[in-house]
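# Working through the structure, step by step
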Amino acid sequence: MRIGIMGLGRIGAFHAETLAGLDAVDSLVVTDPVAATVATAIERFGATATDSPEALLAAGVDGVVIAAATDAHPHLILAAVKAGIPVFCEKPVARGVEESLEVLRAVEGSGVEVQIGNNRRFDAGCVAARRAVISGELGDLHTVRSTTLDPAPPPAAYVAVSGGIFRDCGVHDFDIVRWVTGRDVVEVYATGGNRGAEYIREAGDVDTASTLLTLDDGTIAVISNSRHNARGHDVRLELHGMKDSIAVGLEDKLPLRSVESGVTFPAGTPHTFFMDRFAAAYRAELTAFTGRRHIPGPPRPCRRLPSASDEQFRGRHCVLPSETVKAGPWHSEKLPTTSHKVEEVLISRRPGRLPGRLHGRNGRWATGH
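Residues numbered from 1 in each chain as written. Predicted model: local features only at pLDDT ≥ 70, side-chain atom pairs only at ≥ 80, totals over all residues. Heavy atoms only, no water.

Before going further, it helps to spend a moment on the side chain of E187. Here E187 lies in strand β8 (residues 185–193). Judged by relative accessible area, E187 falls into the buried class, the value being 13%. A polar contact is formed between the side chain of E187 and the side chain of Y189, at a distance of 3.4 Å. (Helix = DSSP H or I, 4+ residues; strand = E, 2+ residues; numbered from the N terminus. Buried < 20%, exposed > 50% of the residue type's maximum accessible area, 1.4 Å probe, protein only. Polar contact = N/O pair within 3.5 Å; in protein donor to acceptor, adjacent residues only side chain to side chain.)

With that settled, the discussion passes to the environment of E251. Mapped onto the elements of the fold, E251 is located in the loop between β12 (245–248) and α10 (274–277). Judged by its relative accessible area of 28%, E251 is partly exposed. As for E251 and A267, which are separated by 16 residues in sequence, their C-alpha atoms are 8.8 Å apart. In this structure E251 touches F265, P266 and H271, once residues within four positions along its chain are discounted. Side-chain polar atoms of E251 contact the side chain of H271, separated by 2.7 Å. (Contact = heavy atoms within 4.5 Å.)

Read from one edge to the other, the open sheet built from six strands follows the order β8-β9-β10-β7-β11-β12, with strand pairing classed as mixed. Of all the strands in the sheet, just β8 and β12 have a single pairing partner and so form its edges. Strand-to-strand twist in this sheet, taken as the mean axis angle between neighbours without regard to direction, amounts to 10 degrees. Bridge analysis of strand β11 (residues 234–241) against β12 gives four bridges, and the strand direction is antiparallel. Residue pairing in the sheet places L239 in a bridge with I246 of β12. (Pairing = 2+ DSSP bridges. Axes fitted to C-alpha atoms, helices over the stretch in contact; angles between N-to-C directions.)

Counted by the stated rule, this structure contains four aromatic pairs. Their ring planes at 55 degrees and their centres at 5.9 Å tell us that F88 and F289 sit as a pair that is tilted. Here F289 lies in helix α11 (residues 279–291) and F88 lies in strand β5 (residues 87–90), a separation of 201 residues in the sequence. With a relative accessible area of 0%, F289 lands in the buried category. Taken together, F14, F273, F274 and Y282 form an aromatic cluster joined through their ring pairs. Above the ring of Y158, the side-chain terminus of R10 is found at 5.7 Å from the ring centroid. Just above the ring of F278 sits the side chain of R277; from NZ or CZ to the centre is 4.5 Å. (Phe/Tyr/Trp six-rings, centres within 6.5 Å; stacked < 30°, edge-to-face > 60°. Lys NZ or Arg CZ within 6 Å of the ring centre and 35° of its normal.)

In short, the description is geometric, and any link to function would need to be established separately.
Structure (C-alpha cells):
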C-alpha cells in the first residue's frame, strides 16, 4: 500500500514513523512547505517527495494522511475526496461548523472513507472503560471526569492556527466522554484563564480551561485542560456509577505526586508527551485505517455524523465568544434535549461576535501540530 502524508510537523513526522513500520504500507509519499522536514522523511523512511498536496494526490497513493494545520484540513479533505482517495485526517475536521458541514456534504454519498484521528477511541484503557459502561457493571453513571494537561504549551505559530484550546486539546475529552458513555451533550458551561505563556493570551486563547457538560441522561461530565503541567502529560478519565467507579490512566507513569505518608504510587517515570502516552493508540488507529478499510470484521470505534441535511443539527452548537476571556466566564446557550447531536463546542476568537454564528478564517496550507 502506498500512503501519502500531508504535513510533517511533530504529529505528521510521528505518523510517518508509525506508517513506515506497518506491514500493510510499502511506501510513503510526502509533502510539506518546510524543505528540511521533507528531507528528513526521505532520509529516514525512503519517502518520495512532492511539491504540493495536488501533486501528492496525483502520485498514485492508496490513502492519504492529513497532518497539516487545522486551517488546511477542510481543503485537503475535500481535495482527497474529489480524487476518490481514502482519508485519515487529524482532528478537528475544521475550525468551524459551516466548514465541517461542507466537508460532511462532500463525503456523503461519495463512497470515499474519511477517518478522523480521535486516537483515544483506540486506547486500551478507554476501550476497557467503554466495555464496562456497556456491560452495566458500573450501574447508572452520575459523574465523569476527563483530564488533559499538557506539560508545556505548543509554539506560538501553532497556537495561532490551532483553533484554540477547546478545539485543539479539549476536543479529545469531548469526544471520549461521548464515545465511552454512549451519551450526547445537552448543556455546556465553560470558563478559562491565562496563567502562563503571554502569546496564548495575545492569540485570543486561554491556557487553562474547565468545561461542565450535562449529558442527555443527566450524567455530569467535568473536563479540565491546561497547557502548563510541569510534571508531565496527564490524561485521565474517571467514570463513577451507582455500582462501581473506574479510571483510565491511573498507572505508574501518571504525572502526579502523592503527599500521603507511606504512599509510593505512582512510582514510574511520568509521561512527558502525548506521543509517549498514546503511542500504541496512534499505531492502532493507523493500522485500522490502512489494514481494515476493505476487510470485513468488527466495527472500528468510529461513529457516523448526522446528515448534513438535518437543519436542526446546523443550529445546535455553542459558540463561546472571545470577549469573555477578559470579562469572566464564557456564556453558553442551553440546548434543548432531543435526539440530535451536539457535535462541537466552538470558540469565536473575534471580539464583538454573538453566540449562534462562527466567524472562522480561510483555510491555508501549513505544517500542523
